[in-house]
Amino acid sequence: MGGHFSVGSITMPREKSSQDRGRPKHKVGASAASRKASLRVGIGHAIAHHGELLQGVFEGEDGHLRRGLVTLPLTSRQSLVTFWPRDSGSIRTRPRGRGKAVRAAALTLDHLGYSDAAGDLTIESHIPIGHGYGSSTADVVATIRAVAAGVGATLRRSTVCRLAVAAEEACDAVAYEDQVVLFAQREGYVIEHFAGEFPPLLIVGFRSGDDSPVDTLHLPPARYNSEEIEQFRALRGMFCHAIRRQDPRLLGRIATASARISQRHLEKSHFDATLERAETHGACGIQVAHSGTLMGVLFDANEIKTAPRARELAAGLRRGGFEDVTIFSIGMDRAPPS
Amino acid sequence: MNHPDAFLCSYEQPRPSWLAPNLLAACFPLMKLMPARFILARACDAVLLHPGGHLAETTSGTFGLALAMLAAAHSYNLTLVSADSLMDTSLRRRLELLGANLVIVEDRLGSGAQDERLRRLRAIFDERPETFWPRQYDNPDNSLSYGRLAEWFVRIVGHIDCLVACVGSGGSLCGTGRFLRMLFPDLVIIAVDTHRSCLFGQPVGRRLLRGLGNSIIPANLIHEMVDEVHWVGALPAFAETRRLYRERALFMGPTSGAAALVGQWYAHAHPGAMTAVILPDEGYRYQETVYNDEWLSALQGWPLAIAATPLCIDKIEEGSEADWHRMAWARRTLTTVSA
């Protein structure tokens, strides 16, 4: 056991780290140079996220504590990567100098048995940087998918995540899209699969210009105290229940409690005012980007008059000078475009 | 997780029993394993306890049994201080077979002899200063360890409106309660105590019902968290214990009977509320007493018809072993209520 104290003393997994991190052991495909001819242009997408519904440290099956999170997917913002294979040379990116994408492409080619291949990556992203939208992970995941498509391979989500962590040290759970998972972002594997999809939520997202952008790579990891570490247990148990029962109200309580804990580690200005706004508009809770500046107010999309209440809250936020105010949903049916 | 710990980690988990559609009971084989395991693990992390090290504690039974199981599995030396009124031969044998050293003090008053037990314990620390003292009454880790129980409850039922639990150290009630209140600030917390325990202001005296109540005030009991107090006498607790076994095959100890009595009453009175109740140990220790008709029939007042509702009082007052009293505590301090 151990690791009961501060997160600084988290014991990193032994068996997982040696087997799963970095390049997966079992590579896909055979080894013939002629296969280079079979490489084609590949396209990969990855969605952004709007911070987290839950983040903290959680006990793995081996009894060790792990950093983990549940990502709130944001499908309207995406990264699109195109992989243009070449027979030789290096991997280049446009825009230039995207080192993580280069690493991700090399790792993926190697994993698929094309370690000699190279190519160009075109990265087209509509995801802002530095506020907790997960722009970097989205680029990396889209790159891995583009390269896999170029090879004609399909990768499991877990493989995509392991490659992504190897390329950039930590990644979010965006590769799992609308599957709900408690994800170990530094090791790239799922701590707990929750049984179900997200319940229908309408989210009013925004950020305050008073909070400066966060450099995720240089943000020191939160050092949770023992009280918080034990609190995460109840939050995790409740998350499991909320997904099983498709209960947006419970999900809102969990996100709020998690956001409150985050306040102690990466403070958001206007936090209490946001809680108040959420309450007066009949929302079920708030969420934040635990390594960013985003905040979101969560509404149960099944309740009556949710949409007008969300719009009213969004209008109030815009009048209040907040930035990137947007309304989006998860766990909802969408009609075909007319 | 090493092998002995994997077993004990699983042993500390309760089993669920729905006593009513809106009442979930956590039925523990040995609840005290949860705080004991947590406290020792934290002590190891903080290098206060080493493999092969010595620990000592004063206990009336189940916390000692939990410590003895952990000590056996991790090769610690364990000294337990208890009173002759609290420890029966079979538990004594069980502890000794686990390798624990027992110090038993005389308890003529039948009140637990807590002061004398603490004196003996201090003498042990003077003699062996490297001894680790788990201090279940005052160690905040006792209360913290119940994050696991809060998780267990919400994983099954989600929203919880009321928590009912016995109080001895205050760890299970206030520990589980604090983690549930983080999610449900309006959670109603009901403490179950017994007559002649000083926890909620009664004068200390001879108690027939053991395993809950106390003759000192532990730091892990936070009175300001408590909405309501019930003092359950030994007889209604025994009667409910037997009913749990006869009607539900729940073979639990008498403190579980007391908690279940209060939990069922609250759940019945509040059909729209989800109530959680903690049943802390099994019936094996009580086969010669609570589960023995001959022993029971020698008690004054037995058999006893279980009252459907408690007697509501508005001032702290001592009752008999047949009485079940209820008082609104309203999250006040002990001093405020006693004044």
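On a predicted model such as this, the values are computed, not experimentally measured, just so you know.

**Things to note about helix α3 (residues 135–151) of chain A**
Residues that lie three or four places apart on an α-helix share one face, since the helix turns once every 3.6 residues. All names here are of chain A. With 17 residues, α3 extends 24 Å from end C-alpha to end C-alpha; this agrees with the ideal 24 Å at 1.5 Å per step. A large share of α3 lies buried, amounting to 14 of its 17 residues. Positive phi shows up at glycine 152, right after α3, with a value of about 85°.

**Remarks on the environment of alanine 289 of chain A**
Residues and elements named next belong to chain A. Position of alanine 289 among the secondary structure elements: in the loop between β8 (285–288) and β9 (294–300). Judged by its relative accessible area of 1%, alanine 289 is buried. It is 9.8 Å that separates the C-alpha atoms of alanine 289 and arginine 207, two residues lying 82 residues apart in sequence. Sequence-distant contacts of alanine 289, defined by excluding residues within four places in its chain, comprise Gly51, Glu52, His131, Gly132, Lys268 and Leu294.

**A few points about a nonpolar patch on the surface**
Where nonpolar side chains cluster on the molecular surface, the patch consists of Val41, Ile43 and Trp84 of chain A and spans about 290 Å² of accessible area. Note that isoleucine 43 of chain A resides in strand β1 (residues 42–59).

**Section: the sheet that holds strand β10 (residues 311–312) of chain B**
All names here are of chain B. An order of β1-β2-β9-β6-β7-β8-β11-β10 is seen for the eight strands of this open sheet, with the pairing classed as mixed. This sheet does not close on itself; its edge strands, each paired only once, are β1 (15–20) and β10. One ladder, built from five bridges, connects β1 with strand β2 (residues 23–27); its direction is antiparallel. Residue pairing for β2: proline 16 is matched across the bridge by alanine 26. Of the strands in this sheet, β1, β2, β6 (162–166), β7 (188–193), β8 (228–232), β9 (275–279) and β11 (324–328) are in contact with helix α10 (residues 254–269), which crosses β9 at around 170°.

**Focus: the interface of chain B and chain A**
Note: interface size is frequently given as the accessible area lost on complex formation between the parts. Each side of the interface is counted separately: chain B has 25 residues, and chain A has 27 residues. Note on chain B versus chain A: buried area summed over both sides is about 2,400 Å², and carbon and sulfur give 60% of it. Joining chain B to chain A, the criterion identifies three salt bridges. Inspection of the region where chain B meets chain A yields ten residue pairs in polar contact (both at pLDDT 80 or more). When contributions to the side of chain B that touches chain A are tallied by element, the ones reaching two or more residues are α2 (33–45), α7 (147–157) and α8 (171–183) of chain B. Ranked by the residues each element gives to the side of chain B that touches chain A, the list is headed by α7 of chain B, at eight residues. Of the residues in the side of chain B that touches chain A, the class split is 14 nonpolar, three polar and eight charged.

**Some points on the confidence of the model for chain A**
The pLDDT averaged across chain A works out to 87; a share of 88% of its residues lies at or above 70. Long-range and interchain partners of residues 1–25 of chain A, a stretch whose pLDDT sits below 50, account for 59 contacts in this model, where long-range means more than four residues apart.

The rules behind the values
Residues numbered from 1 in each chain as written. Chains lettered and ligands numbered in written order. Predicted model: local features only at pLDDT ≥ 70, side-chain atom pairs only at ≥ 80, totals over all residues. Heavy atoms only, no water. Helix = DSSP H or I, 4+ residues; strand = E, 2+ residues; numbered from the N terminus. Expected span 1.5 Å × (residues − 1). Buried < 20%, exposed > 50% of the residue type's maximum accessible area, 1.4 Å probe, protein only. Contact = heavy atoms within 4.5 Å. Patch = residues over 30% accessible without salt bridge, like charges linked within 9 Å, V, L, I, M, F, W, Y side chains within 5 Å. Areas by Shrake-Rupley, 256 points an atom, 1.4 Å probe, with all protein chains shown as cover. Salt bridge = Lys/Arg side-chain N within 4 Å of Asp/Glu carboxyl O. Pairing = 2+ DSSP bridges. Axes fitted to C-alpha atoms, helices over the stretch in contact; angles between N-to-C directions. Buried area = accessible area lost by both parts, 1.4 Å probe. Polar contact = N/O pair within 3.5 Å; in protein donor to acceptor, adjacent residues only side chain to side chain. Nonpolar A, V, L, I, M, F, W, Y, C, P; charged D, E, K, R; others polar. pLDDT = per-residue confidence, 0-100.

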